[in-house]
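Fold and contact review
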Amino acid sequence: MPLLEIKNLTHFFGGLRAVHNFNTRIEPGEIRGLIGPNGAGKTTVFNLTTGVYKPTEGQIIFDGQDITGKPPHQIGKLGISRTYQNLRLWGNLTALDNVKIAFYGRIRYGLLGAFFGINGRYEEERRIDREARELMALLGIEGYADMVVSGLPYGIQRKVEMARALATRPKLLLLDEPTAGMTPAEMEETMEFVLYIRDTFNLTIWLIEHKMRFVMGLCHWIQVLNFGEIIAEGTPQEVQNNPEVIRAYLGTAVT
Amino acid sequence: MQRSFELPSGLRRWYARLRAAYQDVPISAWLVGMLAAVLVEALIGRDLAYILGLGNLPSFFGLSLIFKKWQLIPNILVFIAVVYVIPALGATYLVRKLMARLSGRGLTWLDRLPSWGYILFNLAFVYVILHFWASASDYRLLVLRLLGVNIILTLSLNLVNGWMGEFSVSVAGFMAVGAYVASVLMVWGFVDDNVFGPAVFPASWAPFAFPIALIIAGAVTAVTALAVAIPSFRTRGDYLAIITLAYMFIVKSSFENIDFLGGARGFMGQPKVAESLLVVFVWTVLAVWIMYNYVTSTLGKATSAVRDNEPAAEMMTVNTRKVKMVAFLTHAFWSGVAGGLYAHIVGYINPSSFGLVKSAEILGMLYLGGLNSVTGSILGTVLFTMLSEILRPLKLIKWMVIPVILIIVMIKRPRGLLGFQEIRLPFLERRAAKADEEVSHAPAGD
């Protein structure tokens with residue numbers, strides 16, 4: 001059974017057709033790539049999957065459950081998490097708080113516990129604190145835990161965002177351009193990092209990326225999007241040599 | 001921050017010696033010192049003030065006298081030194097010596113208290129100091145009680161304007177609803193009145209019914225706040241500011257036009273249930289404790305996540321709609337409770353006391369103290385209230401001086417004096433230290 005299945009997904013922004021007839025099946029443990037030129041609708045597909053927009057048409061089935069039209073916080077609870085193309089951290093909070101707040105969906109002490117300190121609030125807070133610090137230690141950023149996140153170096157912020165995404169205990173992790181703004185050396189490091197978190201946290205990964213080396217080196221299966229439609233899909237080698245893909249990226253020769 | 005001035009070397013040596021002598025003095029010694037100062041004031045304050053030509057016992061350490069007769073400044077300094085500084089420092093020093101002599105034996109019971117016992121003990125001590133200080137004049141008592149009300153208002157507003165990052169100006173409107181609901185309940189229950197008829201319950205029950213009336217007042221306020229919350233939380237930005245402003249004016253003109261509540265003439269006859277400082281003190285501590293609990297919980301911190309990036313918060317399993325609702329309704333609830341307290345402290349309410357000026361005053365306290373800070377809200381309220389009492393002799397000019405001070409603070413510290421940070425209050429601190437200890441001693445894994 002696929003972990004994520006998307007059937008005939010279509011979405012309009014007013015009169016603009018952003019995504020048309022998008023289909024996909026992602027198996028557990030897979031690393032899937034979604035590529036395409038700027039404005040092809042890749043991030044829109046992610047936004048539709050995570051419930052930011054309600055699709056005009058189509059169906060999204062995650063882990064055997066229809067999640068079409070559910071709000072993001074419920075989808076997040078079911079096990080989809082993501083990082084963003086441009087970092088979306090909570091800048092005024094510490095790195096640790098950024099990670100801890102992602103435990104929100106699993107907090108059991110409720111409002112009464114929050115207001116009056118009952119319902120085992122202090123035990124649960126200590127547990128969250130410990131788990132968040134352990135998670136940060138796994139990503140090697142425990143030293144930054146108590147610093148305000150907006151003051152941290154860019155690479156560390158990326159890892160904090162990753163730690164935050166992992167704190168919701170996802171089964172499927174969506175990465176929107178995880179190497180944006182990175183040097184080639186940092187990119188190599190990120191490739192290893194993605195494999196590391198997939199194995200450590202038993203994840204399925206779906207990523208958007210422009211850097212071909214990154215996509216080709218990591219993904220098992222790649223889909224190419226242009227003007228909201230899939231123009232090609234296959235293994236990295238197949239996609240790389242597909243004339244449609246080359247045309248979409250480079251344009252056609254003037255005759 | 002850099003110091004732009006240097007003290008003369010003689011003074012600096014004295015200051016260094018003073019600091020050395022009073023370094024790591026336990027908080028209980030300081031509290032005893034403050035109590036000594038208050039007691040000295042009660043004993044000799046009045047006579048000394050007369051001898052020094054300050055007239056009656058000055059209400060705020062003689063500071064407001066400076067603006068009446070500047071020639072008195074040396075006398076005022078002598079007064080402050082003799083009545084406050086010397087007794088406080090002296091008693092602190094003696095207590096510290098005594099504690100050192102007993103080498104912790106005498107006061108170990110204080111350390112052996114559980115955290116909540118330690119906090120309650122210190123709060124009780126603070127209350128005793130405030131009680132003696134307030135017993136000198138009715139004016140001080142009134143100012144202190146209104147200070148408590150304002151602390152509740154400022155902190156509750158901070159939830160929305162600070163933690164949630166929206167802009168609410170309806171504090172005065174919420175206060176008005178709370179004030180009227182609590183007043184009507186108490187007058188209906190305990191006072192023979194021409195509108196609500198004879199008292200329903202014996203008057204001796206009033207002090208016990210008052211908390212219930214306040215909670216009902218807060219709850220009713222929160223329900224009316226839903227009318228603002230439901231439509232305005234679909235958007236962000238200035239929308240909430242506009243709709244809360246509208247709410248405030250609607251509330252005000254509604255009460256102006258409800259005749260059986262006295263209309264614009266106002267409503268009076270509230271039973272005297274908030275005459276003592278203790279009632280207000282307890283409510284203030286309760287409100288601060290509950291809101292502090294909330295904003296330090298992970299559940300409550302999610303409010304800041306919504307402010308900093310709402311889509312990301314939503315994706316990270318935070319139910320943003322619920323979080324915003326809770327923050328706003330908590331703000332409304334406590335503003336309503338504070339309004340009810342206010343009505344019974346003043347003993348008379350009319351719609352015009354809940355106008356834009358009241359909201360602006362609370363906003364001033366909030367931004368002076370700093371967003372996102374419990375201690376900041378308290379500090380801002382205390383400073384603003386003190387300033388506004390001390391500068392009272394300046395009359396109209398006061399309302400030019402205070403805004404200028406606010407502007408200077410905003411330039412020097414754009415987030416307010418304690419924006420996004422807390423100062424540690426040693427007499428409440430032990431719990432935190434203890435909790436840390438437990439964390440580090442907790443076994444790894446579940």
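Residues numbered from 1 in each chain as written. Chains lettered and ligands numbered in written order. Predicted model: local features only at pLDDT ≥ 70, side-chain atom pairs only at ≥ 80, totals over all residues.

Moving on, we get to the overall build of chain B. What chain B contains, in helices and strands, is 17 helices and 2 strands. The C-alpha atoms of chain B give a radius of gyration of 24 Å, which matches the 22 Å a tight globule of 446 residues would have. With respect to the principal axes defined by its C-alpha atoms, chain B has extents near 65 × 65 × 50 Å. Across the 446 residues that make up chain B, the buried fraction comes to 41%. In chain B, the proportion of contacts linking residues at least 24 apart, taken out of those at least 6 apart, comes to 76%. (Helix = DSSP H or I, 4+ residues; strand = E, 2+ residues; numbered from the N terminus. Rg over C-alpha atoms; globule rule 2.2 N^0.38 Å. Buried ≥ 20, exposed ≤ 12 C-beta atoms within 10 Å, placed from the backbone. Contact = placed C-beta atoms within 7 Å.)

Bringing the nonpolar core into the picture now. Residues and elements named next belong to chain B. Counting 180 residues, the largest nonpolar core has Met175, Tyr180, Val337 and Leu341 as the members making the most contacts within it. Per element, the largest residue contribution to this core is 15 residues, and it comes from helix H7 (residues 171-190). Counting the residues that make up this core, at least three belong to each of domain 1 (9-112) and domain 2 (138-363). If sequence neighbours within four positions are ignored, Val337 has contacts with Ile152, Gly178, Leu214, Ala217, Gly218, Trp283 and Ala287. (Core = buried A, V, L, I, M, F, W, Y, C linked by C-beta atoms within 7 Å. Domains from an automatic or database assignment.)

Each assigned domain of chain B is listed here: domain 1 (9-112) and domain 2 (138-363). Its C-alpha centre places domain 1 of chain B at a distance of 37 Å from the equivalent point of domain 2 of chain B.

For the rest of this paragraph, the subject is the interface of chain A and chain B. Across the boundary between the two partners, chain A contributes 33 residues, which contact 25 residues of chain B. Only helix H2 (72-78), helix H3 (95-101), helix H4 (110-116) and helix H5 (121-138) of chain A provide two or more residues apiece to the side of chain A that touches chain B. The element contributing the most residues to the side of chain A that touches chain B is H5 of chain A, with 5 residues. The class makeup of the residues in the side of chain A that touches chain B is 15 nonpolar, 8 polar and 10 charged. (Nonpolar A, V, L, I, M, F, W, Y, C, P; charged D, E, K, R; others polar.)

As a further point, take the sheet that holds strand E6 (residues 80-83) of chain A. Residue and element names in this part refer to chain A. Pairing is mixed in the open sheet, where 6 strands are placed in the order E6-E7-E8-E3-E9-E10. For this open sheet the edge positions go to E6 and strand E10 (229-234), each flanked by a neighbour on one side alone. Averaged over all pairs of adjacent strands, the angle between strand axes in this sheet comes to 20°, irrespective of strand direction. In the sheet, E6 pairs with strand E7 (residues 172-176) via 4 bridges, with the strands oriented parallel. Paired with Arg82 across the bridge in E7 is Leu174. (Pairing = 2+ DSSP bridges. Axes fitted to C-alpha atoms, helices over the stretch in contact; angles between N-to-C directions.)

Turning our attention to the pairing of strand E8 (residues 204-208) of chain A. Residues and elements named next belong to chain A. With 5 of its 5 residues buried, E8 lies for the most part within the structure. Residue alternation in E8 divides its side chains into two sets, Thr204, Trp206 and Ile208 and Ile205 and Leu207, and both sets are buried. Strand direction decides the pairing type here: strand E3 (residues 31-35) and E8, joined by 4 bridges, are parallel. Bridge pairing links Arg32 to Trp206 in E8. Here 5 bridges tie E7 to E8, and the two strands are oriented parallel to one another. Counted as the bridge partner of Leu173 is Ile205 from E8. On the question of chirality, the crossover connecting E7 to the parallel E8 by way of helix H7 (residues 184-201) is right-handed. (Right-handed = clockwise from strand over helix to strand, strands pointing away.)

Residues and elements named next belong to chain A. As summarised here, the arrangement of the 4 strands in space is E2-E1-E4-E5, forming an open sheet in which the pairing is antiparallel. Strands at the two margins of the open sheet, each flanked by one partner only, are strand E2 (16-26) and strand E5 (65-66). As defined by bridge partners, strand E1 (residues 4-13) adjoins strand E4 (residues 57-62) across 5 bridges and the pair is classed as antiparallel. Bridge pairing links Leu4 to Phe62 in E4.

You can see Asn202 of chain A is positioned in the loop between H7 and E8. When the C-alpha positions of Asn202 of chain A and Leu250 of chain A are compared, they lie 37 Å apart, and in sequence the two are 48 residues distant.

Further remarks concern the environment of Ser59 of chain B. Residue and element names in this part refer to chain B. Inspection of the secondary structure assignment puts Ser59 in the loop between helix H2 (27-51) and helix H3 (73-101). Judged by the 17 C-beta atoms lying within 10 Å of it, Ser59 is partly exposed. Distance in space between the C-alpha atoms of Ser59 and Ser137 is 7.7 Å, their sequence separation being 78 residues. If near-sequence neighbours (up to four positions away) are discounted, Ser59 is found in contact with Ser137, Tyr139 and Arg140.

With that settled, consider unusual backbone geometry. You will see that Asn8 of chain A, though not glycine, has its phi angle at about 50°, which is positive. Asn8 of chain A gets classed as exposed once you count the C-beta atoms within 10 Å, which come to 12.

Turning our attention to the packing of helix H8 (residues 206-232) of chain B against helix H9 (residues 239-257) of chain B. Residue and element names in this part refer to chain B. At a minimum axis separation of 10 Å, H8 and H9 run at an interaxial angle of 155°. Classified by the angle their axes make, H8 and H9 are roughly antiparallel. Here H8 and H9 pass one another in a crossing that is right-handed. Residues Val228, Pro231 and Ser232 of H8 form the contact with H9, whose participating residues are Tyr239, Leu240, Ile243, Thr244 and Tyr247. (Parallel < 35°, antiparallel > 145°, perpendicular 65-115°, else oblique. Left-handed = near helix turned anticlockwise from the far one by under 90°.)

This brings us to the environment of Glu244 of chain A. Residues and elements named next belong to chain A. Tracing the backbone shows Glu244 in helix H10 (residues 243-250). For the pair Glu244 and Asn226, spaced 18 residues apart in the sequence, the C-alpha separation amounts to 9.9 Å. The residues contacting Glu244, other than those within four sequence positions of it, are Ile231 and Ala232.

The subject of this paragraph is the pairing of E4 of chain A. All names here are of chain A. Taken together, the 2 bridges between E4 and E5 define a ladder with antiparallel strand orientation. The residue of E5 that forms the bridge with Phe62 is Gln65. Linking E4 back to E5 in an antiparallel pair, the connection comprises 2 residues, with Asp63 at a positive phi of about 55°.

Residue and element names in this part refer to chain B. Taken over all residues, the pLDDT of chain B has a mean of 88, while the share at 70 or more is 93%. Predicted confidence is poor over residues 431-446, with pLDDT under 50, and the contacts of this stretch with residues over four places away or in other chains come to 6 contacts. Across the interface, the model reports ipTM at 0.93; the global pTM reads 0.91. (pLDDT = per-residue confidence, 0-100.)

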